[in-house]
Structures are given as structure tokens and as C-alpha cells.
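# Analysis of the macromolecular model
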Amino acid sequence: LYGAPAGKAFFRGVAAERFCVRNSGARAVVEGVGDHGCEYMTGGYAVILGPTGRNFAAGMSGGIAYVYDPHGAFPNNCNRGEVDLYEIEDAEDSEIVLGLVGEHQARTGSTVAAEILADWSKAKSKFVKVYPRDYKKVMEAKKAKEANEREEAELKAQKIDNAFAKLKSMSSVADKELSSNIVVSRPTQLDSPSKVRGFVEYEREALGYRDANERLKDWKEVHRHDPADAIKPLLSTQSARCMDCGTPFCHQTNTGCPLGNKIPEWNELVHQGRWRDALDRLHETNNFPEFTGRVCPAPCEGSCTLGIIENPVTIKSIECTIVDRGFDEGWIVPKPPVKRTGKKVAVIGSGPAGLAAADQLNKAGHLVTVYERADRAGGLMMYGVPNMKADKMEIVQRRVDLLAAEGIGFVTNAHIGAEGHPSIHDIRDESDAVVLACGATKPRDLPVDGRDLDGVHFAMEFLHANTKSLLDSNLSDGNYIDAEGKSVVVIGGGDTGTDCIGTSLRHGCKSVVNFELMTKPPDVRAPGNEWPQWPRIFRVDYGHEEATVRDGKDPRTYEVLTKEFIPKADGSGKIAGVKTVRVRWVKDEATGRMNFEEVEGSEKVWEADLVLLAMGFLGPEQTLVEKLGLDVDQRSNFKAEFGEFETSVPGVFAAGDCRRGQSLVVWAISEGRGAAAKVDAYLMGADATLGAFDASGAAEGKPLPAR
């Protein structure tokens, strides 16, 4: 490899002296070297999977070497006259090393590489990055220049000429003026942070997840729940980053929080240490912040004004901590209404929309009964979301019990309209009003050959059965779809796809892959996806991280179309594989729409023992439509105007996914609150206490009666 300008080389074994001397562009992997390795190297990459001799990197002025050093002996053998040593921390380094080690193992059958790949998360920490100082400065300056040029080109192409673009431009100029070898480090937590310039002085740090290796061993929540005293400096500092902007976009309905949460206000209260006041302010607009603080994707953070030029405020972490502390301190207790109106309201469905409607109507003094077809109340939060995202007993059941203690009645195992279950007509006759909050439970199917094979399931079949068995018997009853030892294919992304990945990993699946039809999202906002819109960017959720830690790679594969489910050859009717084809997305110049076309010759068959369809939902089931004669919209949702919520049947209202289609928990709560306000007005007229529903999801008007 003396002076090699390009190419790749993989050596199974230990090289002698002067390996990769004057390498100027080749990528090489070897399992150990003698003295003077990488001497006078000027470019390329060298990966050393074993011990090195003396004087490594002498005169090295370019390129990068990665040395696997499990015993910590390498620094004594390295000539640091021109280089510095670092850990592998960023994704780019990890991708380079993992890719080269994987290719080395594939081409040579190396047992050394196989051992490293078997526990990559642990092995990664044992690598030392050898980086020439001057080369590092040049590379960082080059990256900064390219980033600024891309940004300037995007701004020019979009012809943006407004205050936000100017802020970005100013930020870019400031970046250029910084010396390329200066590393700016800002604190994320202080004992006494200042609010005055917090968004300038402090960096973002969310509470984050527990260690992936640990959480894969249990079904507990993936989120960290550190003691209040331990995270006080963090939350005080993070809340200080809130800018007190003149127009907070974080609680604008169309871009930020559908509930209109008073985010800047409770951020300020947390910064001041006034946690009880922050809880009261949070509960003014959100009935169940312990739900949204765990499962909401946080559109508020996507529209945070600070996010124009900085990482946004950690709104979700702060919200979740406020309500968790409220429960821990005993501030959240049952408060039944002092006065009852005598009016009866039936709520069909106990998901977030139904529970929010029930809670609001109960506060107004009405007698509320919630009907749920499952054996436990909670709807989506109980059986749709896995336990590791929201604990069923400590979070969901706790809130249901609280609502029951406040006077709300719950009837479970009641599939309204189904044979042998309560009649919707009887319920209407016994009630003064009815709220339909049934959700969008009709899953999107994949009608390809082999769909009826044993082992192909809808995602919700898989997730619901797992959670029920977990709650009933800690999975000992076997009444769930077991992924242990199986090759799992998840078709469809989003939260449901991620939940299928995380659940399969906890079962101990052999492997898991995730097909997505769409193109991989960009790392940063693309043109046309400007602030304050929700940033459509590449994200790594808990399941993706866990798969990467366990298996050494992200499970997702993009631009893949499923063509056929292939059966086992033994005639058992069980699935054996999935046939796919690659697609490319092209723009139709006539309509401007993006359409996909199949890539010829890209067919592939994937091993599969279990296939989970996580492709979203098409709308609510139509049983109640037929029983009540409800009008539906073009998507088969219950037809009711947003802001009014009354269906075509007088006295029957609709809220949540059954009205708006598949959406977020935060939108479900907003719609439940809005429907409750309209029901209250329908029942009480001028004496209504919930006020008039506005577009933010809040109610304006008279204060609630004393409780």
C-alpha cells in the first residue's frame, strides 16, 4: 500500500512494518501492524483491528486511522507529533468504521471482525480515531464552507426576503467569522441560570431515553425519570432558553400545539421553581399532560421560534416533568364537581378524545358514562401504545381511576352496536347527548398475493395482544403473537412501525427490517418545508436506536414496494418470505405530483417468519354509521364540522380520529375538549359553563364551577 492513491484492500491477518506508508487515498483494513504504521500518510482511511507496533502515525499529515484498542495500549505506541487521538463519537465516523469492518468480514470471513460486529455498541467505544491536526482544520473549514454555500444557495433559490431569513443569514455570517479551530461549547444545565440571554448562552438537552442495552431487557418506560432534585439544574436551564417571543408560534393551532398550551408561561414558572403554579397553568389547557408528554411528537418544538436559528426549547421534557412531579407531590387528586346538572351524557370510546370530553363534561356537572369495547379503559393509550412508551398501570390506569373517583362511570367490554352488546338506540334514549369518540380503527391492508398466509398480521393485532398478555400475566399466558427467534418484517413506518420494532426486539426476534415506500427524509429541512411547519426530517426513534444497538444497523429500508408474500414450500400455509422491488420517485411535470415507478431488475426476496402491516388507518368502523344513519365524509369519517362537532343526527357529537381521521393524541384531546364545550352549550344554553370552543382547542366564557 505504499502511496496508494485509491481503492480498497482487506487483509485477514497482521501486517509487518510500515503498513500504509504514504497512503494517499486508499481504504484499508488489517488485523494488526508492526512498527511505523501509517507513516507519512496523506489521505484515505486505515482501520487497524488489532495491536500496533511503535511509532505509529509518525509524520502523518492527512487521512484518518481508526485503531481497535480494547486494552488501552495504543496511545503509548502512537507518535503524536502531528496527530491527536479521539473517541468515535459522531455518526460519520461510526458509519465509516462499521461499513469497512462489515465489508472486511464479508470478504475475508474474519473472526476478529465478526466478534467486533457482534457487539458493535461496546466495540465502538474501544476504537481510537487518529486525526492529523492540520488535516482536521482543513476538513472542518471545508465542511463549514460547504454548509454555508448550501444555505446561501437555498435562500437564493427560494427568494426569501423576510426577517427570519435575515436571522439565518446573520447566523451564517457569524459562523464564517469564527475561526475553524475554535470549538464553542455551551452549558446545558447550571445551578443558577440566567433567563435574560438563556437562548444565547445555553444549549439544548432533553431528558432522553434510558440506555438502549438496559431497556431492551424489560417493558418499562424507555424515558428517563430522574428524581426532581437531580434534574432541577437541567430543567431550570432548559426553561431559561424560552425566548419570551412576542408571538409564540409554539401554541398556534395550525403550526404548534393544537391545545393552545401556554408554553412560555409554564416555562417561566419552572425557571422560577414554581412547579405547582406551572402544573395549574398546564392543566388549564391540557387534561392529560402525562399522555402528551410521553407520546406526542411535539409539534410545539417544531414551531418554536428559537428553532429558526437554534435547537428548539425542550418543551416536551418540561411538560412531562411538570405533571409527573404533580403526581409525585400529591397535588393531583380527585375533585368531583360540587353541583350536578342532572343531564346525562354517554361517551362511546375511552381513548384520549373520549376521556377529554368526559373529563370536561364531568367538570361542568353532567353525569357522564364512558363505554369501551375492550376490557380496560384508555383506548389507544391502553392498547395501541406499548407499555414502554406509556406505562399502563402507573400512567393510563392511574388517570382512569382518577376520573372514576371524580364521578365518571366506565363500562368496559361494551362494543356498542355489536350483537350481544348494548344498543346505541337504548343509550341514546337514556342520555341527553352522545359523544362518539370511537377512533379510526380500520387498518390499511396490503392486498397482494399471499396476504392470507399464516404469519401476516396487522400491527394493532400484534401490539394489542402483547399489551393485554403483559398486563394479564406478564406474557406467561402465551396469548400474544410471539416474535422470538423469528425474522420480522415491518411494512410501514411512523410510530406504529417503531412500536412493532421495539416489541419484536423485546421478544428476542432473530432479525427485524422495516420497509418504507417513501424516500429517506433529509437530515435538515428541505426547501418548501420552512419554519414554522413541522420539520419533515430524518429521525431516530427508540425502536430504531435499539435495533441499531443490538444488530449494528438501522432497520429501515426506503423506497421499497412489497409485491408478494411467499409461502413455505412444505404446504403449511405459513409465510417464508417477502418479495419486494425498489422504486424511484419522479415528479409529474403536468400535475406537480410525485409518483413512484419500479426499478427494473431490483426484485429481492427477504426471509420472513412474521410480517406486521403498519400502514396507517382508513377511518372508523361503520357499524354506528349504519345504526344511527350518520352522514360521513369522503374518507368515511363521521361528518361533523370542526368547531361544531355535531353530526347529522341531533344530539350526537363526534370528536377525535373518528371525525378528523388518523391523527395525534394532542389533537384527540383538543377535539374532545371542543366537543364537550358544544355538548354543554347544547344541554344548558345560556347557562353553559364550558364556554365557546375556539380554534386553539380552548374554551372561552364563564369560569368552571367550584369543585
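Keep in mind that this is a model prediction, so the values were computed, not measured. (Residues numbered from 1 in each chain as written. Predicted model: local features only at pLDDT ≥ 70, side-chain atom pairs only at ≥ 80, totals over all residues. Heavy atoms only, no water.)

In terms of regular secondary structure, the protein is built from 24 helices and 24 strands. Its C-alpha atoms give the protein a radius of gyration of 29 Å, within 12% of the compact-globule value 27 Å for 707 residues. For the protein, the spread of C-alpha atoms along the principal axes amounts to about 90 × 70 × 55 Å. Looking at the protein residue by residue over its 707 residues, the buried ones come to 50%. Sequence separation of at least 24 residues holds for 61% of the intrachain contacts in the protein that already meet a minimum separation of 6. A total accessible area of about 32,200 Å² is found for the protein, and carbon and sulfur atoms account for 49% of it. Taking the 87 positively charged and 104 negatively charged side chains of the protein as two groups, their mean positions are separated by 2 Å. (Helix = DSSP H or I, 4+ residues; strand = E, 2+ residues; numbered from the N terminus. Rg over C-alpha atoms; globule rule 2.2 N^0.38 Å. Buried < 20%, exposed > 50% of the residue type's maximum accessible area, 1.4 Å probe, protein only. Contact = heavy atoms within 4.5 Å. Areas by Shrake-Rupley, 256 points an atom, 1.4 Å probe, with all protein chains shown as cover. Lys, Arg positive; Asp, Glu negative; His and termini not counted. Charge placed at Lys NZ, Arg CZ, Asp CG, Glu CD.)

Okay, the pattern of salt bridges next. One pass over the structure, following the stated rule, counts 45 salt bridges. Of the charged contacts in the structure, one is a salt bridge between glutamate 329 and arginine 325, with a shortest N-O distance of 3.5 Å. By relative accessible area, arginine 325 is classed as partly exposed at 21%. For glutamate 671, the salt bridge goes to arginine 659, with nearest N and O atoms at 2.7 Å. Of this pair, glutamate 671 sits in helix 24 (residues 665-684) while arginine 659 is found in helix 23 (residues 657-660), placing the two residues 12 residues apart along the sequence. (Salt bridge = Lys/Arg side-chain N within 4 Å of Asp/Glu carboxyl O.)

Let us look at the sheet that holds strand 22 (residues 652-654). Read from one edge of the open sheet, five strands run 9-8-7-10-22, paired in parallel fashion. For this open sheet the edge positions go to strand 9 (409-411) and strand 22, each flanked by a neighbour on one side alone. Neighbour to neighbour, the strand axes of the sheet diverge by 20° on average, direction disregarded. Taken together, the three bridges between strand 10 (residues 433-436) and strand 22 define a ladder with parallel strand orientation. Paired with valine 435 across the strands is phenylalanine 653, a residue of strand 22. Against the sheet, helix 15 (residues 352-363) makes contact with strand 7 (344-348), strand 8 (367-371), strand 9 and strand 10, and its axis sits at roughly 165° relative to strand 8, the strand it touches most. (Pairing = 2+ DSSP bridges. Axes fitted to C-alpha atoms, helices over the stretch in contact; angles between N-to-C directions.)

Before going further, it helps to spend a moment on the environment of serine 572. Topologically, serine 572 is positioned in the loop between strand 16 (560-567) and strand 17 (575-587). On a C-alpha basis, the gap between serine 572 and aspartate 454 in space is 8.6 Å, while along the polypeptide they are 118 residues apart. At 2.8 Å, the side chain of serine 572 and the side chain of aspartate 570 are in polar contact. A polar atom in the side chain of serine 572 sits 3.4 Å from the backbone nitrogen of lysine 574. (Polar contact = N/O pair within 3.5 Å; in protein donor to acceptor, adjacent residues only side chain to side chain.)

Bridge analysis of strand 17 against strand 18 (residues 594-598) gives five bridges, and the strand direction is antiparallel. For arginine 584, the partnering residue across the bridge sits in strand 18 and is glutamate 597. Where strand 17 hands over to strand 18, the hairpin turn is made up of six residues, of which glycine 592 adopts a positive phi near 80°.

Further remarks concern the pairing of strand 14 (residues 511-516). Regular strands place their side chains on alternate faces of the sheet. Of all the six residues making up strand 14, five are buried; the element is thus mostly covered by neighbouring parts of the structure. For the segment spanning strand 13 (residues 487-491), helix 20 (residues 494-507) and strand 14, crossover handedness is right-handed. Where strand 14 and strand 15 (residues 556-558) come together, three bridges link them in parallel fashion. Residue pairing across strands places glutamate 516 opposite tyrosine 558, the latter belonging to strand 15. (Right-handed = clockwise from strand over helix to strand, strands pointing away.)

The next thing to look at is a nonpolar patch on the surface. Taken together, Leu517, Met518 and Phe596 make up a surface patch of nonpolar side chains, about 250 Å² in accessible area. Summarising the element assignment, phenylalanine 596 is placed in strand 18. Assessed through its relative accessible area of 35%, phenylalanine 596 is described here as partly exposed. (Patch = residues over 30% accessible without salt bridge, like charges linked within 9 Å, V, L, I, M, F, W, Y side chains within 5 Å.)

On to the environment of tyrosine 383, then. Note on placement: tyrosine 383 falls in helix 16 (residues 380-384). According to the relative accessible area criterion, tyrosine 383 is buried, its value standing at 4%. In this view, tyrosine 383 contacts Ala374, Asp375, Arg376, Leu463, His464, Thr467, Lys468 and Leu471; residues no more than four positions away in its chain are not counted. A polar atom in the side chain of tyrosine 383 sits 2.6 Å from the side chain of aspartate 375. At a separation of 2.8 Å, a polar atom in the side chain of tyrosine 383 contacts the side chain of arginine 376.

What follows is about the confidence of the model for the protein. For the protein, per-residue confidence averages 91 on the pLDDT scale, and 93% of positions sit at 70 or higher. In the model, residues 693-707 has pLDDT below 50 throughout and makes 45 contacts with residues more than four positions away in sequence or in other chains. (pLDDT = per-residue confidence, 0-100.)

Between helix 9 (residues 228-240) and helix 10 (residues 263-271), whose axes approach to 8 Å, the crossing angle comes to 140°. Classed by the angle they form, the pair helix 9 and helix 10 counts as oblique. In this structure, the crossing between helix 9 and helix 10 has a hand that is left-handed. When helix 9 is examined against helix 10, the residues Leu235, Ser236, Ser239 and Ala240 are found in contact with a partner set consisting of Asn267, Val270 and His271. Considered class by class, the residues forming the contact of helix 9 with helix 10 number three nonpolar, four polar and no charged. (Parallel < 35°, antiparallel > 145°, perpendicular 65-115°, else oblique. Left-handed = near helix turned anticlockwise from the far one by under 90°. Nonpolar A, V, L, I, M, F, W, Y, C, P; charged D, E, K, R; others polar.)

Let's shift gears to the packing of aromatic side chains. Here the structure, examined in full by the defined rule, presents 14 aromatic pairs. Between the aromatic rings of tyrosine 68 and phenylalanine 127, the centroid separation amounts to 5.1 Å while the plane-to-plane angle is 45°, which identifies the pairing as tilted. Within this pair, whereas tyrosine 68 is found in strand 4 (residues 62-68), its partner phenylalanine 127 is found in strand 6 (residues 127-132), the two being separated by 59 residues in sequence. Residue tyrosine 68 shares its accessibility class with phenylalanine 127, and that shared class is buried. The interplanar angle of 75° and the centroid separation of 6.3 Å between the aromatic rings of tyrosine 86 and tyrosine 131 together place this pair among those described as edge-to-face. Here tyrosine 86, found in strand 5 (residues 83-87), pairs with tyrosine 131, found in strand 6; they are 45 residues apart in sequence, far enough to count as distant. Tyrosine 86 gets classed as partly exposed once you look at its relative accessible area, which sits at 28%. (Phe/Tyr/Trp six-rings, centres within 6.5 Å; stacked < 30°, edge-to-face > 60°.)

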